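Coordinate inspection notes
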Amino acid sequence: MSFSSTGRVATPVLDIAYEQAGDPGGTPVVLLHGFPYDVRAYDEVAGVLAERGAFVVAPYLRGFGGTSFRDPATVRSGQQGALAQDLLDLLDGLGIEKAVVAGYDWGGRAACIAAALWPERVTGLVSVDGYNVQNLAYAGEPAPPEWESTYWYQYYFHSERGRHGLERNREELCGLLWRQWSPEWTAAAEAFPASAPSLHNPDFVDVVIHSYRHRYGLADGDPHYQDIEDRLAAEPPITVPTVVLESGADGIGGPSAAEDREYFTGAYTHRLLPGIGHNVPQESPHPFADAVTTLLP
């Protein structure tokens, strides 16, 4: 069993496409994918959680799949504040008062921000690689060279050459990222085609380029989300019960998730997943589902 049906919900900014599984009367769980992935990352996780009594919703993030902007004039922002607001708007649109939220990469960032800023809406958090909130004040600080070399795609997107490259070669480029970021996942190339159609959303390139330029101070944010960005500048703690999953073989460099422990002031569990790359729920679905299950009532 995987996702059983699809839906769309109108929010103030987006028409969000999503897939769902399980009994709508069960505990709500929202599963959030990252870049350049989509909800297919959660096919197996959703089935497991539905069998355990959860009501699972997996939205396509802005710029992915069938999610669309309601107004052609809206800034195609990919900034962290926009992703977090989209999650809150999704909960409102579906009439979900509280949910367990879980995610990785962009989706993990949205989940962490929601847990930090709106803890009354989040009953528990599963975050891959820790406290995924960007501190924009330190965006200009260099990381160790070994880490920097894995961020090549971000610097590529800072240029117009990179924008054109993403637009013209999106499947080749994103398929390469899948393989580089999950170096021990032998099924990456085989799994990629199922998610590739989501990368052809008409807003995909604009949202992605804005995301990777805004976080480095190279593009202005949408003023609509400035209040959220201002609150995030204080690095608010996450007080809700949290399970942090750490990729043991992530192809993107960065600090250990365990180093973020100070940001979590509620119940906290850290689990290392040896041999697992960046796309944790698709590479390691049962440990991911188990982490979510520990947060269910």
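Quick summary incoming for the structure in this document. (Residues numbered from 1 in each chain as written. Predicted model: local features only at pLDDT ≥ 70, side-chain atom pairs only at ≥ 80, totals over all residues. Heavy atoms only, no water.)

**Quick word on empty space enclosed by the protein**
Gaps between atoms show up when a probe of the same size as a water molecule is rolled over them. The criterion, for reference: Both site types are read off a 1 Å grid over the protein atoms alone. A 1.4 Å probe that fits but cannot get out defines a cavity, while an open set with protein on both sides within 12 Å along at least five of seven lines defines a pocket; lining residues have an atom within 4 Å of a point. Grid points are joined across faces, edges and corners, and a volume is the space filled by probe spheres set on the points. Residues are grouped as follows: Ala, Val, Leu, Ile, Met, Phe, Trp, Tyr, Cys and Pro are nonpolar; Asp, Glu, Lys and Arg are charged; every other residue, Gly included, is polar.
One pass over the structure, following the stated rule, counts two cavities of 30 Å³ or more. Taken as a whole, the largest cavity holds about 90 Å³ of empty space. Forming the boundary of the largest cavity are 13 residues, of which I16, P59, L61, D86 and L87 lie nearest the centre. Roughly 30 Å³ of internal volume is contained in the second largest cavity. Lining of the second largest cavity is provided by G78, Q79, Q80, L83, R109, Q134, S211 and R215. Looking at the lining of the second largest cavity residue by residue, the class counts come to one nonpolar, five polar and two charged.

**Focus: the pattern of salt bridges**
Cut-off, in case you're wondering: Any Lys or Arg side-chain nitrogen located within 4 Å of an Asp or Glu carboxyl oxygen qualifies as a salt bridge. Counting from the N terminus, the helices are the DSSP runs of H or I reaching at least four residues and the strands are the DSSP runs of E reaching at least two. When accessible area is computed with a 1.4 Å probe and restricted to protein chains, residues below 20% of their type maximum are described as buried, those above 50% as exposed, and intermediate ones as partly exposed.
Tallied over the full model, the rule gives ten salt bridges. Among the salt bridges present, the one from E19 reaches R40, with a minimum N-O distance of 2.8 Å. Here R40 lies in the loop between strand 3 (27–32) and helix 1 (43–51) and E19 lies in strand 2 (residues 14–21), a separation of 21 residues in the sequence. A relative accessible area of 19% places R40 in the buried class. Across the pair D92 and R121 runs a salt bridge whose closest N-O atoms are separated by 2.9 Å. Within this pair, whereas D92 is found in helix 2 (residues 80–94), its partner R121 is found in the loop between helix 3 (105–117) and strand 7 (122–128), the two being separated by 29 residues in sequence. By sharing partners, the salt bridges in this structure join E160, R163, D206 and R213 into a single network.

**Comments concerning the packing of helix 2 against helix 3**
Where we set the bar: Fitted lines through C-alpha atoms give the axes, limited to the stretch in contact for helices. The angle between two N-to-C directions lies from 0 to 180 degrees. In this scheme, roughly parallel covers angles under 35 degrees and roughly antiparallel covers those over 145, while 65 to 115 is roughly perpendicular and the rest are oblique. Note: crossing handedness is left-handed where the near helix turns anticlockwise from the far helix by less than a right angle, and right-handed where it turns clockwise. We call two residues in contact whenever any of their non-hydrogen atoms come within 4.5 Å of each other.
Between helix 2 and helix 3, the shortest axis-to-axis distance is 8 Å and the interhelical angle comes to 70°. By the angle between their directions, the pair helix 2 and helix 3 is classed as roughly perpendicular. Remark: the crossing between helix 2 and helix 3 carries right-handed chirality. Between helix 2, through Q80, L83, A84 and L87, and helix 3, the contact on the second element is made entirely by W106, R109, A110, A111, I113 and A114. Looking at the contact of helix 2 with helix 3 residue by residue, the classes come out as eight nonpolar, one polar and one charged.

**Comments concerning the layout of surface pockets**
Here the largest pocket defines a volume of roughly 1400 Å³. Along its surface, the largest pocket is lined by 44 residues, and R109, Y151, G253, G254 and P255 are the ones closest to its centre. If you list the elements that add at least two residues to the lining of the largest pocket, you get helix 3, helix 4 (145–148), helix 5 (152–157) and strand 8 (242–247). Residue composition of the lining of the largest pocket, grouped by class: 21 nonpolar, eleven polar and twelve charged.

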